[in-house]
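So you can see what is in the structure, the chains are spelled out below.
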Amino acid sequence: MRITTRRFVAAGILAVGLAAVAVAAAPVNKIEFTDTKLKNGLRVIISEDHSAPVFSIVVNYNVGSRDERKGRTGFAHLFEHMMFKGSENVGANEHPYLAFMYGGNMNGTTNKDRTLYYEVMPSNQLDLALFLEADRMKSLVITKDALDNQRNAVQEERRLGADNVPYGKTGETLDELAYDNFAYEHSVIGSMRDLDAATVDDVASFFKMYYAPNNAVIGIVGDVDTKTTIAKLNKYFGPIAMQPTPPVVDMTEPPQKEERRVTIDDALARLPRLDMGYKVPPGNHPDADALSVLATILSGGRSGRLYEAIVRQKQLSSNVFAGSAANSRGPALFSFGGLPLPGKTVAELEAAIEEEIEKIKTGPIADWEIEKARNAARSNFIGSLTSTLSRATLLSQYAMFYNDPGRINTRAEAIAKVSAADVQRVATEYLVKTGRTVVITVPKPAAPKGGL
């Protein structure tokens, strides 16, 4: 089968220093990877690393909760479970059994932007990993029994992770209030009602549209030979037919012109909680790196401004966080949050966070502080490249999200170029009250018991 291959030589970091300064000064090694597209549209990124006799394979499907429609939410996450329930040549739950029995591990994850499956295996088990992934892409078994079983599993996961835990509804409420576009507004796990309403035909149609070779990117990193691996990919995945391209998701958000605020009751919470989200651009926007450094200045551990001012000096909270989704495909939220200590109030905590935001905008950022933040942000990113699995994930994700797998090798350098002026500019532009959403979660008093 005819394939087209492009080869890249890109900058990457293979080791992380013990200190941020050491990381900043560390020499940059080169990582080679290939970017190949099979005739059926399957895109594959391969990076050889022979330092250990293992490899990681990541199958990134271009489908997340953002691709769902009203009344049919939770399908992407449902398939994270369904994909392990058997295919034409692999029985229910045999996929994980075989991976574990041959010395590997595997799992799957879903978020708003993609659904991902992976195996980490000994290098002599490449055929097994490719066979398992290709078989379920080609012939997943979708029956009413399998659907009912996994629907119940997802609903129980929702009960345990959202409905019956303290602050379980806080994140959902923040997204629902902050976003006008349904794509990011609803939760990844979906609603109980929508899951109950799903039929076998609904699920089969969703699978056919989104779990096709032309809607996936595979990343393979580790002890493999590129030429041999491409031949095996052609063998296992080549016969799988491509499908019509799924509809493009509209991710646009209208400008937010005023603050949005809500207070919710939580019967399981014991302390009030403050969450604030400011809209910021997607992860490939030129301001993304400056926002990453901003988050590090504010919330980079015990040396961050929020900890120093709010936790140590004012003793308003035991912990305050700030951060932004680094790899979002659509508008993200730069979030702040914390729980006021007993005797302190949400209003005091909110005012203290606002004070630190204004100091970033108008006050000086010392040379040592911006250098420390740059090094820490760069170190965090470099640290994410230390395993074959994380590199396979980022290579496939950058290819799918931004059509730029080489971003894995340029981001550390881009972070190192962020200036204090860049940080102040993005803080001034994006951290504005009219563009923020505030959710205050308060403990709900227990209902009085009946009886005399």
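Quick summary incoming for the structure in this document.

The rules we used
- Residues numbered from 1 in each chain as written.
- Predicted model: local features only at pLDDT ≥ 70, side-chain atom pairs only at ≥ 80, totals over all residues.
- Heavy atoms only, no water.
- Core = buried A, V, L, I, M, F, W, Y, C linked by side-chain atoms within 4.5 Å.
- Buried < 20%, exposed > 50% of the residue type's maximum accessible area, 1.4 Å probe, protein only.
- Helix = DSSP H or I, 4+ residues; strand = E, 2+ residues; numbered from the N terminus.
- Contact = heavy atoms within 4.5 Å.
- Pairing = 2+ DSSP bridges.
- Axes fitted to C-alpha atoms, helices over the stretch in contact; angles between N-to-C directions.
- Expected span 1.5 Å × (residues − 1).
- 1 Å grid on protein atoms, 1.4 Å probe; cavity = no way out; pocket = protein on both sides within 12 Å on 5 of 7 lines; lining within 4 Å.
- Points joined across faces, edges and corners; volume = space filled by probe spheres on them.
- Nonpolar A, V, L, I, M, F, W, Y, C, P; charged D, E, K, R; others polar.

Some thoughts on the nonpolar core
With 62 residues, the main nonpolar core has Val293, Leu294, Ile310, Phe334, Phe336, Ile353 and Val423 as its most contacted residues. No other element matches helix α15 (residues 388-402), which puts eight residues into this core. Aside from chain neighbours lying at most four places away, what touches Ile353 is Leu274, Met276, Ile310, Val320 and Phe336. Phe55, Leu132, Ala134 and Ile189 belong to the second largest nonpolar core, which has 50 residues in total.

Quick notes on the sheet that holds strand β8 (residues 260-266)
Within a sheet, adjacent strands bond to each other through the backbone by hydrogen bonds, running parallel or antiparallel. With mixed pairing, the five strands of this open sheet are ordered in space as β8-β12-β9-β11-β10. The two strands at the open ends of the sheet, each matched to only one other strand, are β8 and β10 (317-324). On average, adjacent strands in this sheet sit at an angle of 15 degrees to one another, irrespective of strand direction. Note: strand β9 (residues 273-280) against strand β11 (residues 332-340), seven bridges, orientation antiparallel. Within the sheet, the bridge partner assigned to Lys279 lies in β11 and is Leu333. The strands touched by helix α11 (residues 288-299) within the sheet are β9, β10 and β11, with β10 carrying the most contacts at an inclination of about 175 degrees. Contacts from helix α12 (residues 305-313) reach β10 and β11 within the one sheet, and its direction differs from that of β10 by about 155 degrees.

A short note on α15
With 15 residues, α15 ought to run about 21 Å at 1.5 Å a step, and its terminal C-alpha atoms sit 21 Å apart, in line with that. Counting buried positions over the 15 residues of α15 gives 14, a clear majority of the element. Residue Asn403 follows α15 closely and has a positive phi angle near 55 degrees.

Description of the layout of surface pockets
There is about 550 Å³ of room inside the largest pocket. Along the walls of the largest pocket sit 25 residues, with Lys112, Gly171, Asp175, Tyr184 and Val188 positioned nearest its centre. For the lining of the largest pocket, the secondary structure elements donating two or more residues are α6 (170-178), α7 (182-185), β11 and α15. Residue contributions to the lining of the largest pocket peak at four residues, all from α6. Among the residues forming the lining of the largest pocket, the class breakdown is ten nonpolar, nine polar and six charged. Elements that contribute at least two residues to the lining of the second largest pocket include exactly α11, β10, α14 (367-383), α15 and α16 (407-416). With five residues, the top contributor of residues to the lining of the second largest pocket is α11. When its residues are assigned to classes, the lining of the second largest pocket shows 13 nonpolar, eight polar and one charged.

Any link to function would need more than the numbers given here.
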